[in-house]
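Per-entry structural report
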Amino acid sequence: MASELKIKNGKVYDPINGIDGEIRDICIRDGKIVDKVSDDAAELDASGMVVMPGGVDMHCHIAGHKVNLARKFQPEDHRHDVQPRVGGLRSGSGGTVPSTFATGYRYATLGYTTAMEAAIPPLGARHALEELHDTPVIDKGFYLLLANNVCLNQLLEQGRMAEFRDAVAWWLNNSKAYAIKLVNPGGDEPWKGRKNSNVHDLDQPISGFDLTPRKIIKALIDVSNDLGLPHPAHIHCNNLGHSGNYATTLETMKTADGRRVHITHIQFHSYGGELGKNPTSAAREIVDYINEHPNVSADVGQVMFGKATIMTADAPLTWLLRNMKKDKWINADTECESGCGIIPFSYQEHIYTHALQWAIGLELFLLAKDPWRMVLSTDHPNGGSFENYPKLIKLLMDKSFRDEEARKANPKAIANTSLLDIDREFTLQEIAIVTRAGPAKLLGLKNKGHLGVGADADVTIYDDMADKEAMFNAARYVLKGGQFFINNHEFCFDYEGSIYHVAPEYNREIETVLKPFFEDYYSVQFENYPVDDRYIAHGVTVPATT
Amino acid sequence: MSEAKTIENAVCTFCGCVCDDIELVVAPDGKSITRAGNACELGRAWFLEHKIEDYPVALVDGQEVPVEDAIDAAARILVKAKFPAIYGLSDTTCEAQKEAVAIADYVNGNIDTTTSVCHGPSGMAFQGTGESTASLGEIKNRADFIMYWGGNPVEAHPRHFERYSAKAKGIYLPNGRADRTIVMVDIRKTRSASEADIFLQVRPGTDFEVLWALRALVRGKYVDETIEERTGVPLETLQDLVDRMKNCNFGVIFFGMGLSMTRGRHFNVAALLALATDLNAHTHFVANPVRGHGNVTGADNVVSWQTGYPFGVNFNRGYPRFNPGEFTTVDVLARGDADALMVIASDPAANFPRKAIEHIKSIPVITLDPKPTRTSQEAKVAFTVATYGVNVPGTVYRMDNVPLPLRPAFESPYPTDEEILRGIKEKVCELKGIQRKNVA
Ligand code: SF4
Ligand SMILES: [Zn+2]
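Residues numbered from 1 in each chain as written. Chains lettered and ligands numbered in written order. Predicted model: local features only at pLDDT ≥ 70, side-chain atom pairs only at ≥ 80, totals over all residues. Heavy atoms only, no water.

Section: the domain arrangement of chain B
All names here are of chain B. Entries for chain B in the domain assignment read domain 1 (58-118 + 294-388 + 414-432) and domain 2 (120-289). Facing eight residues of domain 1, the contacting portion of domain 2 comprises seven residues. Buried surface at the junction of domain 1 and domain 2, both sides included, amounts to about 530 Å², of which 62% is carbon and sulfur. Linking domain 1 with domain 2 are two residue pairs in polar contact (both at pLDDT 80 or more), by the criterion used here. (Domains from an automatic or database assignment. Contact = heavy atoms within 4.5 Å. Buried area = accessible area lost by both parts, 1.4 Å probe. Polar contact = N/O pair within 3.5 Å; in protein donor to acceptor, adjacent residues only side chain to side chain.)

Structure follows, in structure tokens:
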């Protein structure tokens, strides 16, 4: 028997289909949006409510070895924020790195139904998938760290480009990943092997290799495009957090040379000033470039005042921060593939750099001409928890609230930005773009981020309230695949969610190149490395675009 | 049918090395293993001595019963109890561990793993100071300075040297052993110590002092010569060691229970982790625990991602709370708090302190184990289960958190831990009226 539902009288925001706050009915059958349902369909009256597609977070850290280290590292971050068990749903702990169940439920509470884990080394793919399996309700996937992969870098320096491409495709297939991720390209080798140093220039040779960061960046942008991956190379640029790093960011974007590329948490890469001195805002320079280059997209990586957890594959950065704070610190190297650093963190209004970071993030949102290519993230939990999204939405929609908040922050920092001069206020339609439609489009998820016929029935219904923070804090209804997860503010069904991944074609001969490398330099058997289908109970293979 | 079957790249779970290159040959009758290629002596014994014995699948009050009846009895014990404790879990799959945590959640019970009696102090030290660590392949590829502290790998983890450390060849150490400096620190000269370049014999109970002195020297602080009188280690030896550590390209300290479970416990481990962190001001330096049980690291991971905390977790209030010393099983039993106990793949009645064992004997106990144990003899409900790795597929985590898939050799007539635990979970939910409507 078909399960049918009609959501009536709601104010619908569906930017992909050009619907901007019209009163419309949304019809659902068997988990999909359809154009009409039978007269027997169940009805939900959404009068006075706002209907949007489920939210899509395209960059967060919610699963895998690094996240789990950060989780067990900070009991002090869980104790004040418990997640009691409700009926058959599981209990958990919150804080900036919630337990897996709490992560799923809390995303859904905000009206988010899809989230992408942004940094997994292939050796940890199995672990990431085990955690994602235990992250309920939301659909999910992960990005694969490939910019410090010793085997790939060897192929690259020898100019074996066809094999490089096949090896990348082999890695994506065998770890069940969704996209290619670059973090501090080329920085692991000096970090692990040269007494904790780093690379700072895209054209600086990487110790031990006849290679530069730019060559790695170029090669992975090209392979992402050539393989027709639904999402392009997802780049965490070199020099994160350093004063003057906007020049590196511009160079990275230029390296794409017109091909599609995504720059992540770009706020952390938009600093002017001189290395070693206080940063200034270079939001204008970054936004100007992106406005002119439709091949480039970004998520902001907004900083929110309060507790955060820095967790990144950019190990040298975390060591730098650790030496400023002298707080507890984790470093975790993955053989041949990645580094990792973790520290507890807190962004504070009175600190110049933190206030500047906060203001730069808002400048980026508000100065960008095309919200489809400057979407919302806090790089959870690096800039703050995803649970800050409602407040961030209010900052974007409400100029007087924003200015009030700005006045609480370090005045010198705020004066060094254009924030107070910007009058723009986001509309609900623009919010729907930066939180749903935009990320879904950038990810190439054709059935997500909209409410047109054939879309997944991931629907969020909010009470239409003047206080946008309150409005987006707790959806009244959340449907996942046409089933109520939240019904009138109450949790009902549990929902496992699907794993989205890619499976690009490649020449199997590449295994004859990879296997000897594994035998010599990995600590696991080549045959035990690929992740099999058991780890994706509900998998969706997203095809290549041609 | 009568052909001998071969399984390549099988995973040995006998110790935390979790070697994944074992070649198993199964006897033609499919009931035993006749060869375990690449395995060490311990691993060989683990595989070859595994026989399907003829124990009853399920016992209630010592009487053989159908499995369903035993599941029912177990669920009733857990639901009736006010403070049910679940313990063990380090010698089973992650898939089974997940079910055990779910049960603890649904019965508002206590969950804890054998970590609390081995590297629990390391877990606490980690929360206090953090740690710099690496997967074992990184050590094989890069570590030119390797120190073992309070462990005897040659005897306890026989292939640790060969696969991951002293004797392995790596990208930057093509000559293996010849390219590395090996240091052993222990209270006695073990077989491992005789393979080291440098051996430091530390007076028992003074690990913390030695570690603290090393930290001071790394930071260029003054250390008094009397350190030798207290610890047995001359100042020059310490200074020499510090020079080597600061000047290597990639250093590692492996530490064992000789550090985490002796006087000073989590202070010892914290001192060692802090030393490794301090050394990062000079070079790349990491520290790794050497874990015993095959999947104790998986237990840490599963309990952490599901609850937020690694071990010693209590759900009495309907959400997880963590407090070592309060919710660790030895303490929960010795204080007499637990009024029911479920043990998976462990034998607390054989190795816990006397007070805890006395309490075990006074409460209803449920056990899941491939063979009879001291604890199962005390049990009201005892299940015989298939052995993970040998008979059961699933996931295990090596001591460096690398997940590996098991490749079982042959089938067992016994159910798996996962199956029994899932049955108990479902029965518990039914008895408590908990609705688990699940949509895929
Ligand atoms: S070292 Fe440990 S895991 Fe490896 S074969 Fe021996 S007992 Fe098994
Ligand atoms: Zn990130």
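Notes on the packing of helix 5 (residues 150-157) of chain A against helix 6 (residues 161-175) of chain A
Residue and element names in this part refer to chain A. Interhelical geometry of helix 5 versus helix 6 gives an angle of 160° and a closest axis separation of 8 Å. Our classification of the angle between helix 5 and helix 6 gives roughly antiparallel. Crossing hand, helix 5 versus helix 6: left-handed. Together, Cys151, Leu152, Leu155 and Leu156 of helix 5 and Met161, Glu163, Phe164, Ala167, Val168 and Trp171 of helix 6 make up the contact between the two elements. (Axes fitted to C-alpha atoms, helices over the stretch in contact; angles between N-to-C directions. Helix = DSSP H or I, 4+ residues; strand = E, 2+ residues; numbered from the N terminus. Parallel < 35°, antiparallel > 145°, perpendicular 65-115°, else oblique. Left-handed = near helix turned anticlockwise from the far one by under 90°.)

Here we look at the coordination of the zinc ion (ligand 2)
Residue and element names in this part refer to chain A. Those donors, His59 (NE2), His61 (NE2) and Asp379 (OD), are the protein atoms that reach the zinc ion (ligand 2), and they lie 2.0 to 2.1 Å from it. In the primary structure, the donors to the zinc ion (ligand 2) are separated according to the pattern H-x1-H-x317-D. One end of the pair, histidine 59, is in strand 6 (residues 55-60); the other, aspartate 379, is in the loop between strand 20 (374-375) and helix 13 (389-397), and 320 residues separate them in sequence. Of the two residues, histidine 59 and aspartate 379, neither departs from the other in class, the shared state being buried. (Donors = N, O, S within 2.8 Å, 3.2 Å for Na, K, Ca; no water. Buried < 20%, exposed > 50% of the residue type's maximum accessible area, 1.4 Å probe, protein only.)

Here's the deal with the sheet that holds strand 19 (residues 341-347) of chain A
Strand order in the open sheet made by the four strands is 17(A)-19(A)-18(A)-8(B), with mixed pairing throughout. Each having just a single partner strand, strand 17 (306-312) of chain A together with strand 8 (130-134) of chain B make up the two edges of the open sheet. Going from strand to strand, the sheet's axes swing by 20° on average, the running direction of each strand aside. Pairing geometry for strand 17 of chain A and strand 19 of chain A, over seven bridges, is antiparallel. In the sheet register, lysine 307 of chain A faces strand 19 of chain A, and the bridge partner there is serine 346 of chain A. (Pairing = 2+ DSSP bridges.)

Focus: the interface of chain B and chain A
Between chain B and chain A, the contact holds 78 residues from the first and 65 residues from the second. In this assembly, chain B packs against chain A so that about 6000 Å² is buried in total across both faces, 47% of it on carbon and sulfur atoms. Counting every contact that joins chain B to chain A gives five salt bridges. One salt bridge connects aspartate 105 of chain B with arginine 85 of chain A, and the closest N-O pair in it is separated by 3.6 Å. Seen at the junction of chain B and chain A, the total is 51 residue pairs in polar contact (both at pLDDT 80 or more). If you tally residues by element for the side of chain B that touches chain A, the top one is helix 3 (residues 94-106) of chain B, at seven residues. Of the residues belonging to the side of chain B that touches chain A, the class tally is 30 nonpolar, 30 polar and 18 charged. Two elements, strand 18 (residues 329-333) of chain A and strand 8 of chain B, share five bridges in a ladder whose sense is parallel. The residue of strand 8 of chain B that forms the bridge with alanine 332 of chain A is threonine 133 of chain B. (Salt bridge = Lys/Arg side-chain N within 4 Å of Asp/Glu carboxyl O. Nonpolar A, V, L, I, M, F, W, Y, C, P; charged D, E, K, R; others polar.)

Quick look at the sheet that holds strand 2 (residues 22-26) of chain B
Residue and element names in this part refer to chain B. On the basis of which strands lie adjacent, the open sheet formed by three strands has the order 1-2-3 and antiparallel pairing. In this open sheet, the two edge strands, each paired with only one partner strand, are strand 1 (5-10) and strand 3 (33-37). Averaged over all neighbouring strand pairs, the angle between strand axes comes to 15°, with direction disregarded. Of the pairings in the sheet, the one linking strand 2 to strand 3 comprises four bridges and is antiparallel in character.

Some remarks on the site of ligand 1
Taken together, Cys12, Phe14, Cys15, Cys17, Val18, Cys19, Ala39, Cys40, Leu42, Gly43, Pro158 and Arg159 of chain B make up all the residues around ligand 1. In the shell around ligand 1, the residues fall into 10 nonpolar, one polar and one charged. (Near = heavy atom within 4 Å.)

Digging into the nonpolar core
Grouped together as the largest cluster of nonpolar side chains are 167 residues, with contacts concentrated most on Val168, Trp171, Tyr178 and Trp358 of chain A. Looking at this core, the element that brings in the most residues is helix 12 (residues 352-367) of chain A, giving 11 residues. Not counting residues within four places of it along the chain, the set of residues in contact with tyrosine 178 of chain A comprises Met116, Phe142, Tyr143, Pro230, His231, Leu443, Gly444, Leu445, Tyr500, His501, Val502 and Val542 of chain A. Formed by 49 residues, the second largest nonpolar core is a distinct cluster that contains Cys340 of chain A together with Leu241, Leu259 and Ala270 of chain B. (Core = buried A, V, L, I, M, F, W, Y, C linked by side-chain atoms within 4.5 Å.)

Thoughts on unusual backbone geometry
In terms of backbone geometry, most residues other than glycine have negative phi values and most peptide bonds are trans. All names here are of chain A. Note that the residue after histidine 380, namely proline 381, is joined by a cis bond; omega there is -5°. Assignment of secondary structure puts proline 381 in the loop between strand 20 and helix 13. Here the phi dihedral of asparagine 196 falls at roughly 60°; this positive angle occurs in a residue that is not glycine. Structurally, the position occupied by asparagine 196 is in the loop between helix 7 (188-193) and helix 8 (213-226). Accessibility expressed as a relative area gives 12% for asparagine 196, which makes it buried.

Brief notes about the side chain of threonine 135 of chain A
Residues and elements named next belong to chain A. The residue threonine 135 is located in the loop between helix 4 (125-133) and strand 10 (139-145) in this model. A relative accessible area of 0% means that threonine 135 is categorised as buried. One polar contact links the side chain of threonine 135 to the main-chain carbonyl oxygen of glutamate 131, over a distance of 2.8 Å.

With respect to the confidence of the model for chain B
For chain B, mean pLDDT is 96; residues scoring 70 or higher make up 99% of the total. This complex was scored by the predictor with a pTM of 0.97 and an ipTM of 0.97. (pLDDT = per-residue confidence, 0-100.)

What to know about the pairing of strand 9 (residues 145-149) of chain B
Residue and element names in this part refer to chain B. Judged by how many residues are buried, strand 9 sits mostly within the fold: five of five residues are covered. Across the two faces of strand 9 the burial is the same, with Phe145, Met147 and Trp149 and Ile146 and Tyr148 all buried. Examined bridge by bridge, strand 9 and strand 10 (residues 181-186) share five bridges and lie parallel to one another. Bridge pairing links methionine 147 to valine 183 in strand 10. Here strand 9 pairs with strand 12 (residues 250-255) via five bridges, running parallel. Bridging across to strand 12, methionine 147 finds its partner in isoleucine 253.

Considering the pairing of strand 10 of chain A
All names here are of chain A. Among the seven residues of strand 10, seven are classified as buried, and the element is accordingly described as predominantly covered. Bridging between strand 9 (residues 112-120) and strand 10 involves five bridges; their strand directions are parallel. The residue bridging methionine 116 from the neighbouring strand is glycine 141, located in strand 10. Tracing the backbone out of strand 9, into helix 4 and back to the parallel element strand 10 gives a crossover that is right-handed. Note: strand 10 against strand 11 (residues 179-183), three bridges, orientation parallel. Looking at the pairing, tyrosine 143 lines up with alanine 179 of strand 11. (Right-handed = clockwise from strand over helix to strand, strands pointing away.)

Some words on helix 1 (residues 65-73) of chain A
Helix 1 of chain A sits mainly inside the fold: eight of its nine residues count as buried. Among all positions of helix 1 of chain A, only Lys66, Val67, Asn68, Leu69, Ala70, Arg71, Lys72 and Phe73 of chain A are buried.

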